[in-house]
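These are the residues of each chain, in order.
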Amino acid sequence: MGSESSDPIIWTHYLQLMAYLSLFFSGFIAATLFPASSEVLLLVLQAQGYSVLWLLVAATAGNTLGSCVNWYLGTCLLDFQHKRWFPVSATALSRAQLQFQRYGSWCLLLAWLPVVGDPLTLVAGVLKMRFRLFLPLVLLGKAARYALLLAAGSAWFA
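Treat the numbers as computed from the prediction; the structure is a model and nothing was measured. (Residues numbered from 1 in each chain as written. Predicted model: local features only at pLDDT ≥ 70, side-chain atom pairs only at ≥ 80, totals over all residues. Heavy atoms only, no water.)

Draft legend 1. Up close: the overall build of the protein chain. Across its full length, the protein chain holds 6 helices and 0 strands. Starting at the N terminus and walking to the C terminus, you meet the elements of the protein chain as α-α-α-α-α-α. Overall, the C-alpha framework of the protein chain stretches about 65 × 35 × 25 Å when taken along its three principal axes. Every one of the 158 residues in the protein chain was classed for burial, and the buried ones make up 35%. Contacts in the protein chain between residues at least 24 apart in sequence constitute 74% of all its contacts with a sequence separation of at least 6. Counting every atom, the protein chain has about 9700 Å² of accessible surface; 71% of that belongs to carbon and sulfur. In the protein chain, which carries 9 positive and 5 negative side-chain charges, the distance between the mean positions of the two groups comes to 26 Å. (Helix = DSSP H or I, 4+ residues; strand = E, 2+ residues; numbered from the N terminus. Buried < 20%, exposed > 50% of the residue type's maximum accessible area, 1.4 Å probe, protein only. Contact = heavy atoms within 4.5 Å. Areas by Shrake-Rupley, 256 points an atom, 1.4 Å probe, with all protein chains shown as cover. Lys, Arg positive; Asp, Glu negative; His and termini not counted. Charge placed at Lys NZ, Arg CZ, Asp CG, Glu CD.)

Draft legend 2. Broad picture of the packing of helix α3 (residues 52–77) against helix α5 (residues 117–126). One way to put it is that α3 packs onto α5 with a least axis distance of 6 Å and a crossing angle of 45 degrees. The pairing of α3 with α5 is recorded here as oblique in orientation. The element α3 and its partner α5 pack so that their crossing is right-handed. Of the residues in α5, those touching α3 at S67, N70, W71, L73, G74, T75 and L77 are D118, T121, L122, A124, G125 and V126. In terms of residue class, the contact of α3 with α5 is made up of 6 nonpolar, 6 polar and 1 charged. (Axes fitted to C-alpha atoms, helices over the stretch in contact; angles between N-to-C directions. Parallel < 35°, antiparallel > 145°, perpendicular 65-115°, else oblique. Left-handed = near helix turned anticlockwise from the far one by under 90°. Nonpolar A, V, L, I, M, F, W, Y, C, P; charged D, E, K, R; others polar.)

Draft legend 3. Geometry of the side chain of N63. Inspection of the secondary structure puts N63 in helix α3. Ignoring anything within four residues of it in the chain, the contact list for N63 reads G27, F28, A30, A31, S38, K142, R145 and Y146.

Geometric descriptors of this kind do not, in isolation, establish any biological role.
Listed below in structure tokens is the structure:
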């Protein structure tokens, strides 16, 4: 009889965990070179009353980890530039490297921007940027973006 009364509580915690994991994976996919977005899910979960702190943690962690994958892929990318199937021309790659070097590593604070953010993290890997510098800059920029979205959502849903 005692286990029957706890089933709804377990089910509730399970659903909450799945919501946060969904947001984590949504943020992860959105940070890779695949076209995706995590903002709508973030705001829907916030409107449903999920913890703002855990939403921030899940979205930021997933999105940052996705950018780390981009960085890693970038570190391996130049090994394949001589292949016929290589998707980026030498000119485009050179141009991206010059732009990144021109604005410096601080531009990674903008890795959350649509269209340009994901390639920025890839180019950081191509340029063999130190990971210990890459990670805090990307993490800070992405956390700030999600914090601003959640603040706007709090004002909107209040």
